[in-house]
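# Results of the structural survey
Chain residues, written in single-letter form:
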Amino acid sequence: MDKKNIDIILKVGIEKGSDVPSFLNWNKEKSWNILSQKRKKRILLISIKYAAIFLIGISIFSIFYFVTYDSHQRSFQNDHIHLSEYEKRLKLLEIEEKLSGNYFQNIICENCDGIIYKTVESELQINPFIF
Amino acid sequence: MKSILILLICAALINSCKRIEPSNNALLAEKVKIWHVVKLENKYNPSWVSGLDTEKLFSQTFNNVLSNKVNAYIPNGRFGDTINSMEKIEVERINRYMDWTDSTIKYEDLKEISFYETWVLDKNKFRFMKEVHGWIPIRTWFRNGDLLKRQVFYLYPDQKKKGDIVASNIIYEHALENMYPNIMVGFDKNMLTSYLVENINSGKINAYDPIYIVDQSKRKLTIQQIEEIIGEPFTPSILAKYFYSIIFLEDWYFDENTLSISKDVKAIALVRFKTDRFLSEQDFKKKILFFLFFN
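The rules behind the values
- Residues numbered from 1 in each chain as written.
- Chains lettered and ligands numbered in written order.
- Predicted model: local features only at pLDDT ≥ 70, side-chain atom pairs only at ≥ 80, totals over all residues.
- Helix = DSSP H or I, 4+ residues; strand = E, 2+ residues; numbered from the N terminus.
- Buried ≥ 20, exposed ≤ 12 C-beta atoms within 10 Å, placed from the backbone.
- Contact = placed C-beta atoms within 7 Å.
- Expected span 1.5 Å × (residues − 1).
- Arc of directions from axis to C-beta.
- pLDDT = per-residue confidence, 0-100.
- Pairing = 2+ DSSP bridges.

In terms of helices and strands, chain A carries six helices and two strands. Ordering the α and β elements of chain A from the N terminus gives α-α-α-α-α-α-β-β. Scored against the burial criterion, the 131 residues of chain A give a buried share of 5%. When contacts within chain A are restricted to residue pairs at least 6 apart in sequence, long-range pairs at least 24 apart make up 13% of them.

Written out as C-alpha cells, the structure reads:
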C-alpha cells in the first residue's frame, strides 16, 4: 500500500462519513511502516520543531516567573526551607543575635532646624517633642 | 418650669451614672498612641524589608509634595493630632533638607520612616490594628564619619485611603523601652501580657514556634514548649518582666493621592531581653518567644 492508496482510503472514509471507531481501528503501525522515508523524516522534524518550541516557551516562562514573581516572597520563604532542623535553629539564633536594639546610644540634636540627630549607634530614637 | 428643671437634673444624674464599658483594647484602657521609626534597610536580614517599594513610595510622595498637590509640614516641634499649629514646608526647604543642589533627585538617603500611629489589639476578634495618622521620611547620611539623620517633612493626610500595596511581608522590630516616655502613650505592657497568657493558657489563642521567621512554617506550641523557650513559668509577671520588643509582620498600603499609609498587621512576635546584671552571657541575649497570627 503506497501513499496514494492511503490517501484514497482516507478520502473515501471522510466522504462516507465514516465513524470514529473505524479510524481508530486503523493499523497504525502498519500505516507508519507504509509511509515513505521522506514523510517519516518530515513528521519527525515537525515533532522535534514543536517540542523545541514548547521547551523554549516553558523555559522563557520559568525565567520570567522566577525573576519577576514576588521576589520578596521567595526571599522570605527563602533558601532556609530546605535546611535541616538543626540548621534552622542555628539560623534563628543568628537572627535573634542581630535583632536591633535601642540601648546604649547617644543622640544629639545638632541642629533643630529640621532636627538633625547625630547618633553613635546606628539606631535612632526620635523624640518628636524635643526642644 | 420647676418640673422641667428637676427632670433635666435627673437626666443629667442618670447620664453621669451610666456604666463605663470596659475597653476592648488589650493594650490599654483607652487609645495607644505611638511614635516609632522603621528602618528601611536591614543589613542582617535584608529580606525583612525587601518587599517595600521605596521608589514608588518616595517618588510619588515627593512629586505630590513638591508640586503642592498635598500639604506637608515642617517637621519641627510639637505635632500630633492637630495640624492647625503646624507650618507648611516650602519647596526650597525640602531641597535643602535633602541636599538636592542640582536637578538630580535621589531617594537613596531616605532610609527610615517615622510613624505616628494608634494601636488597638481587639480582644474579641483578636486583630491588631494600626492607624497611621502621620509619617515622616528621614534622610540618613554620613558627614566626616558621623551618621546624621534629618526628618524631611511631616505628612498628616486629611483623608485616609487604603490605596495599593507598597510593602508585602515587611518585618521590623519595635522596642517597647524608650528614653522618651511620650513616644508610647497609653501602652500597658502588663495588660497585654495578662491577656495573652490567659488566652494562650485557655487555648483561645495559639502561639507559634519562632522558627516561622526562618522557614515560614506554622508550628503550634504547647504551654510546656513555651515554658521551655522562656526558661521560666509562663505567667503574666514573668512575660512582662522580660518582654522587650515586638516584631511585626505587615503589609503596607499607600494611596498616591492622599499620601496616606495603611498597615495590615498579619502577625507579631514577642521578644525577650533580659537586662539584669549577673546573668550568664547566654541569657543576656534577645530571644523570640513566639509568634501570634491575626485573623
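Regarding its fold elements, chain B presents seven helices and nine strands. Every one of the 295 residues in chain B was classed for burial, and the buried ones make up 32%. Contacts spanning at least 24 positions in sequence make up 67% of the contacts within chain B whose residues lie at least 6 apart.

Attention shifts here to unusual backbone geometry. As a rule of thumb, non-glycine residues mostly have phi less than zero, and peptide bonds are mostly trans rather than cis. Residues and elements named next belong to chain B. The backbone of Phe126 sits at a positive phi, close to 50 degrees, despite the residue not being glycine. Note that Phe126 resides in the loop between strand 2 (110-122) and strand 3 (127-143). On the basis of neighbour count, Phe126 is assigned to the partly exposed category, with 17 C-beta atoms found within 10 Å. Even without a glycine there, the phi angle at Asn169 is positive, about 50 degrees. Tracing the sequence through the fold places Asn169 in strand 5 (residues 164-175).

So, on to helix 2 (residues 54-66) of chain B. All names here are of chain B. Here helix 2 contains 13 residues, and its C-alpha end-to-end distance of 17 Å stays within 8% of the 18 Å for a straight helix at 1.5 Å per residue. Of the positions making up helix 2, those classed as buried are Leu57, Thr61, Phe62 and Val65. Buried residues in helix 2, looked at end-on, bunch into an arc of 105 degrees, giving them a common side. As for helix 2, its buried residues are in contact with helix 3 (91-98), strand 5 and strand 7 (243-255). Phi for Asn68, located one or two positions after helix 2, is positive at around 60 degrees.

Before going further, it helps to spend a moment on helix 4 (residues 189-201) of chain B. All names here are of chain B. Between its terminal C-alpha atoms helix 4 stretches 18 Å, which fits the 18 Å expected from 13 residues at 1.5 Å a residue. Here helix 4 has its buried residues at Leu192, Thr193, Leu196 and Val197. Along the axis of helix 4, the buried residues cluster in a sector spanning 120 degrees; they form a single face. Contacts made by the buried residues of helix 4 are with strand 2, helix 7 (236-242) and strand 7. Of the residues trailing helix 4, Gly203 is marked for its positive phi of about 85 degrees.

All names here are of chain B. In this fold, Glu250 is placed in strand 7. In this structure, the C-alpha to C-alpha distance between Glu250 and Ala167, residues 83 residues apart in sequence, is 8.0 Å. With sequence-adjacent residues up to four places away left out, Glu250 is seen in contact with Ile170, Lys263, Asp264, Val265 and Lys266.

Moving on: the confidence of the model for chain B. Residues and elements named next belong to chain B. Of the residues in chain B, 79% reach a pLDDT of 70 or more, and the chain-wide mean stands at 83. Strand 8 (residues 260-273) holds the highest mean pLDDT among the elements of chain B, 94, whereas helix 1 (residues 2-16) holds the lowest, 57. The model gives residues 16-22 a pLDDT under 50, and that stretch makes zero contacts with residues more than four places away or in other chains. In the predicted assembly, ipTM is 0.77 and pTM is 0.71.

So, on to the environment of B:Glu55. Among the secondary structure elements, B:Glu55 is positioned in helix 2. Distance from B:Glu55 to B:Tyr107, taken between C-alpha atoms, is 7.3 Å for residues 52 residues apart in sequence.

Regular strands place their side chains on alternate faces of the sheet. Residue and element names in this part refer to chain B. Note: strand 5 against strand 7, nine bridges, orientation antiparallel. Along strand 7, the bridge assignment pairs Glu173 with Ile247. As defined by bridge partners, strand 7 adjoins strand 8 across twelve bridges and the pair is classed as antiparallel. Its bridge partner being in strand 8, Asp251 is matched across the sheet by Asp264. A loop of four residues connects strand 7 with strand 8, the two strands running antiparallel in sequence, and Leu259 in this loop sits at a positive phi of about 60 degrees.

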